[in-house]
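Inside the fold
Okay, here's what each chain looks like letter by letter:
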Amino acid sequence: PPADPHLPALAPAAYGNALGVLLSRLGIAADGHPVLVAYRPGRRAVLNVAADGAAVWVKVVRPTRVARIAQVHGMLGAAGIPVPPVRGWSPEGLLVLDAAAGTPALDAQVAPERLLDEVDLLRERLAATRLQGAARTSVLARTPWYAEHLAAAFPSLAGDLEEVAAIVDGAGAAPATAGIHGDLHLGQLFVDPHGAVSGVIDVDTAGLGDPADDSAAFLGHAVASAALTARVGDPVRVWRLADLAWSRWGQDAGVRPRTAVHLLGHAVAAGHAGDTPRAERLVRLAATLARGHKGPLMNAFETA
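These remarks concern the structure in this document. What you see is a predicted model, and the numbers here were worked out from it, not measured in a lab. (Residues numbered from 1 in each chain as written. Predicted model: local features only at pLDDT ≥ 70, side-chain atom pairs only at ≥ 80, totals over all residues. Heavy atoms only, no water.)

What follows covers the sheet that holds strand β6 (residues 103-104). Read from one edge of the open sheet, three strands run β6-β8-β9, paired in antiparallel fashion. The open sheet has two edge strands, β6 and β9 (197-200), and neither has a second partner. With two bridges joining them, β6 and strand β8 (residues 189-191) adopt antiparallel strand pairing. Across the sheet, residue threonine 103 finds its bridge partner in β8, namely valine 191. (Pairing = 2+ DSSP bridges. Helix = DSSP H or I, 4+ residues; strand = E, 2+ residues; numbered from the N terminus.)

Structure representation (structure tokens):
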């Protein structure tokens, strides 16, 4: 990545042997060079490096956010939520984290019912945690940008986009009184051999918020993953997970519009990837779900 003025710790973490020196001050012996896994300019970067025979994750964030993120990890860990421990952090915006325990939930062969039970249990524990400060801004705030972007790319979908926007406008926001993850989805979860959640990552977004935001994030990601898995993998299993999640949470008046907005976001990503049919189906499905669809999601997607 280029030198990023908003992420001053990125250059010393990503280049040369500087990260090895930083890790050695924490008593960690790096076994190789860091690998840049993710980078969002001005927002954050994530690097992975082998150290002491295991993976160590290095997260680079804005200096103004690093202390709170470290505090959130500490609070959640103290509450028994299995977040990776922070090995150390610096005011310049650098966090060093252990790897999450377990197998990524996306790869684990856990029965969808069992997995959703675990997600519900995790959400109960998050709600009971004494988090401070607001969680990530609700997805509802992204509606105008998503709708404008998609309307420009797919003019024939203007009616569906206007319908979603109108439903979102009438939804309103609930008081931010419960602890939530802020960006909860399968990619953030790890499980043990028995299917129990053994690791939760990317809790930078955690704080007080509306539980409907976590329901909708999980649903939107599950549907988008199922739409991709229709070409590679086990689509029946992933769609079943999405269907069960929709039956549990989807009839909540706050969840429906938020799920629709998440699907618009996934449609934007599909459009950028050049997958026009998937983008269009996701937009039409967003409108269908916003209206309160009650049937199987796979059928609704395939006929959208």
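This structure, assessed with the given rule, holds 14 salt bridges. Arginine 114 is the salt-bridge partner of glutamate 118, the closest N and O atoms lying 3.0 Å from each other. Highlighted residues: glutamate 118 and arginine 114, both in helix α4 (residues 112-128), separated by four residues, approximately one helical turn. Its relative accessible area of 32% is what places arginine 114 among the partly exposed residues. Between glutamate 163 and arginine 291 there is a salt bridge, and its shortest N-O distance comes to 2.7 Å. A residue pair is termed long-range when its members are at least 10 positions apart, and glutamate 163 in helix α6 (residues 158-169) and arginine 291 in the loop between α10 (276-290) and α11 (297-302) qualify at 128 residues. Residue glutamate 163 is classed as partly exposed on the basis of its relative accessible area of 28%. Several salt bridges converge on common partners, so that one network encompasses Arg44, Lys59, Asp202 and Asp204. (Salt bridge = Lys/Arg side-chain N within 4 Å of Asp/Glu carboxyl O. Buried < 20%, exposed > 50% of the residue type's maximum accessible area, 1.4 Å probe, protein only.)

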